[in-house]
Amino acid sequence: MTESDAPTWRVPPRWVLLVAVLSIVAAEVGGGAMARFKVELTRWARDGMLARPSVHGLVGVRDVDERILDEALVKFDAGLRLFHMHAEGMGLVIIATSTVAATVIGNAAARRTIIALLTTGGAGYPVGYLAWSALIPSYGLERSKTIAEWLVWVPFGTATIVALWCLAGFVAWSMISRRGARPAG
Amino acid sequence: MILAPAVFVTLLTVGAPALAHHVGAYVPKDNAVTTNFKQVKFSVQAAKFDVALRLFETGPLRAEMRTHAASLPPGLEEGTRAALAGGDGPEVERRLMIFFAALSRDLALEADRQIARVDTTADIRVDIGRKFLEAIWRYYNLVDFAVATRDNKASVAVRLAFDEAETYVKPATGGTAPADPTGLRKPLQRIAQVLSTLIESSSTPSSSTPPRRNS
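Residues numbered from 1 in each chain as written. Chains lettered and ligands numbered in written order. Predicted model: local features only at pLDDT ≥ 70, side-chain atom pairs only at ≥ 80, totals over all residues. Heavy atoms only, no water.

This part is about the overall build of chain A. The helix and strand tally for chain A stands at 6 helices and 0 strands. Counting from the amino terminus, helix and strand elements in chain A follow one another as α-α-α-α-α-α. Computed over the C-alpha atoms, the radius of gyration of chain A is 22 Å, more than 25% above the 16 Å expected from 2.2 N^0.38 for a compact globule of 185 residues. In terms of overall dimensions, chain A has C-alpha extents of about 80 × 30 × 30 Å along its principal axes. Long-range contacts, defined here as pairs at least 24 residues apart, represent 76% of the contacts in chain A between residues at least 6 apart. Taken together, the 18 basic and 14 acidic charged side chains of chain A have centroids lying 9 Å from each other. (Helix = DSSP H or I, 4+ residues; strand = E, 2+ residues; numbered from the N terminus. Rg over C-alpha atoms; globule rule 2.2 N^0.38 Å. Contact = heavy atoms within 4.5 Å. Lys, Arg positive; Asp, Glu negative; His and termini not counted. Charge placed at Lys NZ, Arg CZ, Asp CG, Glu CD.)

On to helix H1 (residues 14-36) of chain A. An α-helical segment advances 3.6 residues per turn. Residues three or four places apart therefore align on the same side. Residue and element names in this part refer to chain A. Over its 23 residues, H1 extends 32 Å from the first C-alpha to the last, a length consistent with the 33 Å expected when each residue adds 1.5 Å. Inspection of H1 places Val16, Ala20, Ser23, Ala27, Gly31 and Met34 among the buried residues, and these make up the whole buried set. The elements touched by buried residues of H1 are helix H2 (38-50), helix H4 (62-104) and helix H5 (108-124). (Expected span 1.5 Å × (residues − 1). Buried < 20%, exposed > 50% of the residue type's maximum accessible area, 1.4 Å probe, protein only.)

All names here are of chain A. A cluster of nonpolar side chains, Val21, Val25 and Val29, forms an exposed patch at the surface whose accessible area comes to about 240 Å². Considering the arrangement of structural elements, one finds Val29 in helix H1. Take Val29: its relative accessible area is 53%, and that puts it in the exposed class. (Patch = residues over 30% accessible without salt bridge, like charges linked within 9 Å, V, L, I, M, F, W, Y side chains within 5 Å. Areas by Shrake-Rupley, 256 points an atom, 1.4 Å probe, with all protein chains shown as cover. Salt bridge = Lys/Arg side-chain N within 4 Å of Asp/Glu carboxyl O.)

Here we come to the interface of chain B and chain A. Counting from both sides, the interface comprises 31 residues of chain B and, opposite them, 40 residues of chain A. Both sides of the chain B and chain A interface together cover about 3000 Å² of buried area, and 71% of this is carbon and sulfur. The interface formed by chain B and chain A includes 3 salt bridges. The salt bridge partner of Lys29 of chain B is Asp70 of chain A, with a shortest N-O separation of 3.3 Å. Linking chain B to chain A there are 8 residue pairs in polar contact (both at pLDDT 80 or more). Elements with a contribution of two residues or more to the side of chain B that touches chain A: helix H1 (3-19), helix H6 (89-116) and helix H7 (122-150) of chain B. (Buried area = accessible area lost by both parts, 1.4 Å probe. Polar contact = N/O pair within 3.5 Å; in protein donor to acceptor, adjacent residues only side chain to side chain.)

Residue and element names in this part refer to chain B. For Ala47, which is not glycine, the phi torsion reads 60° and is therefore positive. Position of Ala47 among the secondary structure elements: in the loop between helix H2 (32-45) and helix H3 (49-58). Looking at Ala47, the relative accessible area reads 53%, which means it is exposed.

To continue, consider the pattern of salt bridges. What the rule picks out here adds up to 24 salt bridges over all chains. Glu64 of chain B is paired through a salt bridge with Arg62 of chain A; the nearest N and O atoms lie 2.7 Å apart. In this pair, Glu64 of chain B is assigned in helix H4 (residues 60-67) and Arg62 of chain A in helix H4, connecting two distinct chains. Overall, the relative accessible area of 6% leaves Glu64 of chain B in the buried class. Two residues, Glu57 of chain B and Arg81 of chain B, come together in a salt bridge whose shortest N-O distance is 2.4 Å.

Here we come to the packing of H6 of chain B against H7 of chain B. Residues and elements named next belong to chain B. At a closest axis distance of 8 Å, the pairing of H6 and H7 adopts a crossing angle of 160°. One way to sum up the angle between H6 and H7 is to call them roughly antiparallel. The handedness of the crossing between H6 and H7 is left-handed. Counted by class, the contact of H6 with H7 contains 20 nonpolar, 3 polar and 5 charged residues. (Axes fitted to C-alpha atoms, helices over the stretch in contact; angles between N-to-C directions. Parallel < 35°, antiparallel > 145°, perpendicular 65-115°, else oblique. Left-handed = near helix turned anticlockwise from the far one by under 90°. Nonpolar A, V, L, I, M, F, W, Y, C, P; charged D, E, K, R; others polar.)

Soluble globular proteins tend to pack their nonpolar side chains together in the buried interior. Membership of the largest hydrophobic core comes to 79 residues, with the highest contact counts inside it found for Val40, Leu61, Phe99 and Phe100 of chain B. With 13 residues, H6 of chain B is the largest single contributor of residues to this core. Those residues in contact with Val40 of chain B that lie beyond four places of it in its chain are Ala52, Leu55, Phe56, Leu61, Leu84 and Leu96 of chain B. Of all hydrophobic cores here, the second largest spans 17 residues; its members include Ala20, Ile94, Val104 and Ile115 of chain A. (Core = buried A, V, L, I, M, F, W, Y, C linked by side-chain atoms within 4.5 Å.)

Looking now at the packing of aromatic side chains. Residue and element names in this part refer to chain A. Applying the stated criterion across every chain yields a total of 9 aromatic pairs over all chains. Between Trp44 and Phe76, the aromatic rings sit 6.1 Å apart at their centres with planes inclined by 45°, giving tilted as the arrangement. Separated by 32 residues along the polypeptide, Trp44 in helix H2 and Phe76 in helix H4 bring together distant segments of the chain. Given the relative accessible area of 45%, Trp44 is considered partly exposed. What makes Phe76 buried here is its relative accessible area of 5%. (Phe/Tyr/Trp six-rings, centres within 6.5 Å; stacked < 30°, edge-to-face > 60°.)

Right, let's get into the packing of H2 of chain B against H7 of chain B. Residues and elements named next belong to chain B. Interaxial distance between H2 and H7 falls to 11 Å at its minimum, and their mutual angle equals 15°. It follows from the interaxial angle that H2 and H7 lie roughly parallel. Crossing geometry of H2 relative to H7 is assigned as left-handed. Here Thr34, Phe37 and Lys38 of H2 come into contact with H7, specifically with Tyr139, Leu142 and Val143.

Shape descriptors only; they carry no functional weight alone.
Below is the structure:
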């Protein structure tokens, strides 16, 4: 094999890179806004919870309710932090995995499908944390988690996992076929 | 040459989803009153009565005592302040014990009242009971040792009633009876009754633990 025949990394489609970069930008903006508007966000969430006492199981006794509100506010804050962290991380995951897919997968249809799944799944999954946080004041901890799970985490997470396992299969297949093609001795 | 990093990236990211989708854990924190109680208690234990007095005078513990004055033995707040000013550790402990016992008793009475309501479902009443039990224990747990050293029977009675109450709010698992809000009322009433008796009997300094005052 000559130098010119050696395989090289292929850049994934531009729209994939754009989505990945946007995901990272959203993470940074979210993280910044979370710190800048911490008091306002907490007040908004607290007011929303106090407006729906039955949703959150508030009993009208401060010693009991403070603990419930505190837990919900901690989870509300955790959701925002997890969005920031996951959007940042998944942006990089999209770039890395779609680069591998663009390079390793020869079949165009399979390559396009896997890259599409990696990109939509990777970009959509972190939004579930944002949705969870936003829904907590209106629907309570458990119900908002269920909504975020079924609308965002399960579909987008499944897309990412399926795409990653297919990619792992393609990488393994590529290794096996190269080993088989190598001349003996 | 390309396959090695490709394998690395793929393995790294395939393993990642297993760690994902966690939503954080909540560890209950002290509220302002229990935090201030601990500050005062530790200052008293370290014999820093001037620090303890300042923390009491400026903290939410005293404000809470004033808020609940109607359901507390008369003069509890002034007596606590005087004991701190006089450097009387056991008296401070006794008065704080009475205060938290009273808070726990009031919560047990309120829990019993809310659980007795028939306009809500059993599940909601069980949930209310569970939340009240958490709040009761958060306060009572702070003074259980002080209660046990003065009235061991009361301490045991409260803990037994609490354990019994917890069995009524535990979620049903295979083969066990479902959570029962009506069964919860009796142990709650017992907690309130035992604590009322304790508050009454502790409201005057015991002759066996004479107050020590700096002279």
